[in-house]
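Take a look at the letters that make up each chain.
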Amino acid sequence: MVAGGKSLQKFHNLVCPDCKDIKLNFFIMIFASAHFVLSHLPNFNSISGLSLAATVMSLSYSTIAWTASVHKGVQKGAKYGNPNTTTPGKVFGFFNALGDVAFAYAGHNVALEIQATIPSTPEKPSKVPMWRGVMVAYIVVAFCYFPVAIFGFWMFGNQVEDSILLSLEKPIWLIAMANLFVAVHVLGSYQIFAMPVFDMIENLLVKKLHFKPSWMLRFVSRNIYVAFTMFIGMTFPFFGALLSFVGGFAFAPTTFFLPCIMWLAIYKPKRFGLSWFANWICIILGVLLMIFSSIGGLREIIQDAQTYTFYS
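All values derive from a computational prediction rather than experimental measurement.

Conventions used here
Residues numbered from 1 in each chain as written. Predicted model: local features only at pLDDT ≥ 70, side-chain atom pairs only at ≥ 80, totals over all residues. Heavy atoms only, no water. Helix = DSSP H or I, 4+ residues; strand = E, 2+ residues; numbered from the N terminus. Rg over C-alpha atoms; globule rule 2.2 N^0.38 Å. Buried < 20%, exposed > 50% of the residue type's maximum accessible area, 1.4 Å probe, protein only. Lys, Arg positive; Asp, Glu negative; His and termini not counted. Charge placed at Lys NZ, Arg CZ, Asp CG, Glu CD. Axes fitted to C-alpha atoms, helices over the stretch in contact; angles between N-to-C directions. Parallel < 35°, antiparallel > 145°, perpendicular 65-115°, else oblique. Left-handed = near helix turned anticlockwise from the far one by under 90°. Contact = heavy atoms within 4.5 Å. Disulfide = S-S within 2.5 Å.

A.B. asks: Describe the overall build of the protein, listing the residues and the values that go with them.
C.D. replies: A tally of helices and strands in the protein yields 10 helices and zero strands. Reading the protein from its N end, one meets helices and strands in the order α-α-α-α-α-α-α-α-α-α. What you see for the protein is a C-alpha radius of gyration of 21 Å, in line with the 20 Å of a compact globule of 312 residues. In terms of its C-alpha atoms, the protein occupies a principal-axis envelope of roughly 60 × 50 × 40 Å. Looking at the 312 residues of the protein, the share that counts as buried comes to 35%. Seen as two clouds, the 21 positive and the 12 negative side-chain charges of the protein have centres 8 Å apart.

A.B. asks: Residues and numbers for the packing of helix α1 (residues 2-15) against helix α7 (residues 172-208), please.
C.D. replies: Across the interface, α1 lies against α7 with an axial gap of 8 Å and an inter-helix angle of 155°. Taken together, α1 and α7 sit at an angle that is classed as roughly antiparallel. For the element pair α1 and α7, the recorded crossing hand is left-handed. For the pair α1 and α7, contact is made by Ala3, Gly4, Ser7, Leu8, Lys10, Phe11, Leu14 and Val15 and by Ile172, Ile175, Ala176, Asn179, Leu180, Val182, Ala183 and Val186, respectively.

A.B. asks: Outline the environment of Leu112, listing residues and values.
C.D. replies: Assignment of secondary structure puts Leu112 in helix α5 (residues 109-116). Owing to a relative accessible area of 62%, Leu112 belongs among the exposed residues under this scheme. In sequence terms Leu112 and Phe143 are 31 residues apart; their C-alpha atoms lie 24 Å from each other.

A.B. asks: Could you give an account of the state of the cysteines, with specific residues and numbers?
C.D. replies: Tallied over the full model, the rule gives one disulfide. Each disulfide pairs two cysteine sulfurs, and for Cys16 the partner residue is Cys19, the sulfurs being separated by 1.5 Å. Judged by the sign of its S-S torsion, about 55°, the cystine formed by Cys16 and Cys19 is right-handed. Given the relative accessible area of 21%, Cys16 is considered partly exposed. In this structure Cys282 is not part of a disulfide, and its nearest cysteine sulfur, from Cys260, lies 4.4 Å away.

In structure tokens:
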């Protein structure tokens with residue numbers, strides 16, 4: 001919600017610099033309005049086209065971001081040291097960075113949903129194509145992230161914006177197009193992330209709370225979820241801090257240590273063997289990552305909130 005709203009706002013400001021300023025909250029509402037429609041698509045298959053468009057947009061805007069940064073060149077006054085001057089600032093900034101990394105490279109329960117739809121037999125288990133897909137996915141992720149991180153920091157230093165496209169201004173048509181690509185990308189990724197959540201909510205309402213399954217139940221529950229995420233985005237539009245907090249609090253457990261706990265519980269490897277040690281090391285590091293990055297992200301949210309006028 002925040003990324004989509006900020007990208008639409010940047011697009012508007014670039015293509016119409018003389019127009020009246022519009023608050024970020026209104027752009028978040030515009031972005032959310034699309035999801036009030038798209039959220040009623042029934043399943044993953046129905047959003048495959050949107051997912052493909054999001055993937056193409058992701059590759060496109062990340063390429064534009066780093067090539068435009070290189071073209072812009074190293075900016076005057078670019079500094080590469082730690083922007084925090086105090087010891088607490090440096091420590092919590094490090095924690096915050098851990099959350100960003102956790103968010104960027106985390107897996108997601110969407111992967112389990114995808115694997116569940118792949119036909120699997122003893123002769124052709126689903127883990128084979130799933131493993132190939134995961135390898136390709138992380139190669140694409142690395143292709144998108146590393147050039148942006150390296151060249152963006154090189155050109156702008158530690159003053160680069162959370163979204164590098166906000167730091168770029170020219171050529172106007174290219175940066176405007178890239179911001180529009182971001183909006184399309186997060187339009188698709190929101191739906192991919194939300195589909196398992198919709199399924200979980202509807203299962204809870206039907207099986208636990210005994211609601212009758214109907215189109216009205218889906219309509220109301222999904223609209224409430226979209227409205228809730230829109231409200232959170234409008235209330236705390238702190239992109240970088242949210243990435244860190246969500247990365248640590250939500251994604252670190254499901255990626256870095258819960259799978260290891262499940263592996264130990266199911267396969268019961270030999271105690272003090274290589275597999276046992278490897279999994280316990282991942283569990284300990286994953287728990288520490290969750291704790292420290294959540295603290296760092298929460299601290300930055302609190303700091304941002306101190307100088308922010310809500311719903312302004």
